[in-house]
Amino acid sequence: MDYTILQPAMYMQMLQQSWQAAKDSGEIVMPYSKDSKMAYVDYREVAEAAALAMTDKRLSYGTFELASPGMFSRVDLAELMSKKLGKMIVAKDMPVDEWAKQVKIPPGELREGLITMNKEYDQYGFSGGNSLILDTILGRPSRTVQQFIDELQ
């Protein structure tokens, strides 16, 4: 059986909620350290890579980490958003237990899994590869976090 495994980094589109919060409150708050570095990828480019995997045999039997250039902490993101908005945006932390209460996820595997994931992010960040693989698959440079933020309204 022909297969291709795509392993995307965090989706840039998740930053849209942080963007709205930054505009409204001047803060970006998440349940892991503001200093944790994360890799991002635009899900439109993941979809493009998936389409190529289904229509082009050159990706057959491969496993590929998909990420845009760089790794970003929430402090880095706050700086990029500050420049775009022309006002100070501050990165803040929220204890994961407090977050779990606020999001009102019922007790069970999903809640415990998300708590564990955020504790992992707090300690290690999320290294999702580098842009070389995605750039090569797409045949062009992948979208950067800066470009994605510049597109936000």
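Our subject is the structure that appears above.
Report on the accompanying structure. (Residues numbered from 1 in each chain as written. Predicted model: local features only at pLDDT ≥ 70, side-chain atom pairs only at ≥ 80, totals over all residues. Heavy atoms only, no water.)

### Focus on the overall build of the chain
Part 1 of the reasoning: When its secondary structure is counted, the chain shows seven helices and six strands.
Part 2 of the reasoning: When the helices and strands of the chain are read in sequence order from the N terminus, they spell out β-β-α-β-β-α-β-α-β-α-α-α-α.
Part 3 of the reasoning: Judged by the C-alpha coordinates and their principal axes, the chain covers about 45 × 40 × 25 Å.
Part 4 of the reasoning: For the chain, with 153 residues in total, the buried portion stands at 39%.
Part 5 of the reasoning: Taking contacts inside the chain between residues at least 6 apart in sequence as the whole, the part at least 24 apart equals 84%.
Part 6 of the reasoning: Accessible surface for the chain amounts to roughly 8800 Å². Of this, 56% is attributable to carbon and sulfur atoms.
Part 7 of the reasoning: Placing the 17 positive and 21 negative side-chain charges of the chain at their respective mean positions leaves the two points 5 Å apart. (Helix = DSSP H or I, 4+ residues; strand = E, 2+ residues; numbered from the N terminus. Buried < 20%, exposed > 50% of the residue type's maximum accessible area, 1.4 Å probe, protein only. Contact = heavy atoms within 4.5 Å. Areas by Shrake-Rupley, 256 points an atom, 1.4 Å probe, with all protein chains shown as cover. Lys, Arg positive; Asp, Glu negative; His and termini not counted. Charge placed at Lys NZ, Arg CZ, Asp CG, Glu CD.)

### What about the layout of surface pockets?
Part 1 of the reasoning: Volume-wise, the largest pocket comes out at about 660 Å³.
Part 2 of the reasoning: As for the largest pocket, its lining consists of 30 residues, of which Gln17, Ser18, Val29, Met30 and Pro31 are closest to the centre.
Part 3 of the reasoning: Secondary structure elements with two or more residues in the lining of the largest pocket: β2 (10-11), α1 (15-25), β3 (27-30), α3 (74-85), α4 (96-103) and α5 (109-124).
Part 4 of the reasoning: A class-by-class count of the residues in the lining of the largest pocket yields 21 nonpolar, seven polar and two charged. (1 Å grid on protein atoms, 1.4 Å probe; cavity = no way out; pocket = protein on both sides within 12 Å on 5 of 7 lines; lining within 4 Å. Points joined across faces, edges and corners; volume = space filled by probe spheres on them. Nonpolar A, V, L, I, M, F, W, Y, C, P; charged D, E, K, R; others polar.)

### Focus: the packing of aromatic side chains
Part 1 of the reasoning: For the coordinates displayed, the defined rule picks out four aromatic pairs.
Part 2 of the reasoning: Joined through ring pairs, the aromatic side chains of Tyr32, Tyr121 and Phe126 make up one cluster.
Part 3 of the reasoning: Over the ring of Tyr32 we find Arg74, and its NZ or CZ is 5.1 Å from the ring centre. (Phe/Tyr/Trp six-rings, centres within 6.5 Å; stacked < 30°, edge-to-face > 60°. Lys NZ or Arg CZ within 6 Å of the ring centre and 35° of its normal.)

### Some remarks on the nonpolar core
Part 1 of the reasoning: Ile28, Tyr40, Leu77, Met81, Val145 and Ile149 are the most contacted members of the largest nonpolar core, which totals 21 residues.
Part 2 of the reasoning: Ranked by residue count, the leading element in this core is α3, at four residues.
Part 3 of the reasoning: The residues contacting Met81, other than those within four sequence positions of it, are Leu15, Ser18, Trp19, Ala22, Ile28, Ile89 and Ile149.
Part 4 of the reasoning: If you look at the next biggest cluster of nonpolar residues, it comprises 13 residues, including Ala9, Ala49, Leu59 and Ile137. (Core = buried A, V, L, I, M, F, W, Y, C linked by side-chain atoms within 4.5 Å.)

### Focus: helix α6 (residues 131-138)
Part 1 of the reasoning: All of the buried residues along α6 are Ser131, Leu134, Ile137 and Leu138. Down the axis of α6, the buried side of the element spans an arc of 135°, and every buried residue falls inside it.
Part 2 of the reasoning: Buried-residue contacts for α6 involve β4 (40-41), α2 (43-55) and β5 (62-66).
Part 3 of the reasoning: With a side-chain oxygen lying 2.9 Å from the backbone nitrogen of Leu132, the N-terminal cap of α6 falls on Asn130.
Part 4 of the reasoning: Remark: Gly139 follows α6 within two positions and exhibits a positive phi of approximately 75°. (Arc of directions from axis to C-beta. Polar contact = N/O pair within 3.5 Å; in protein donor to acceptor, adjacent residues only side chain to side chain.)

### Remarks on the environment of Met12
Part 1 of the reasoning: As for its position among the elements, Met12 is in the loop between β2 and α1.
Part 2 of the reasoning: A C-alpha to C-alpha distance of 13 Å links Met12 and Ser73, two positions 61 residues apart in sequence.

By themselves, these figures tell us nothing about what the structure is for.
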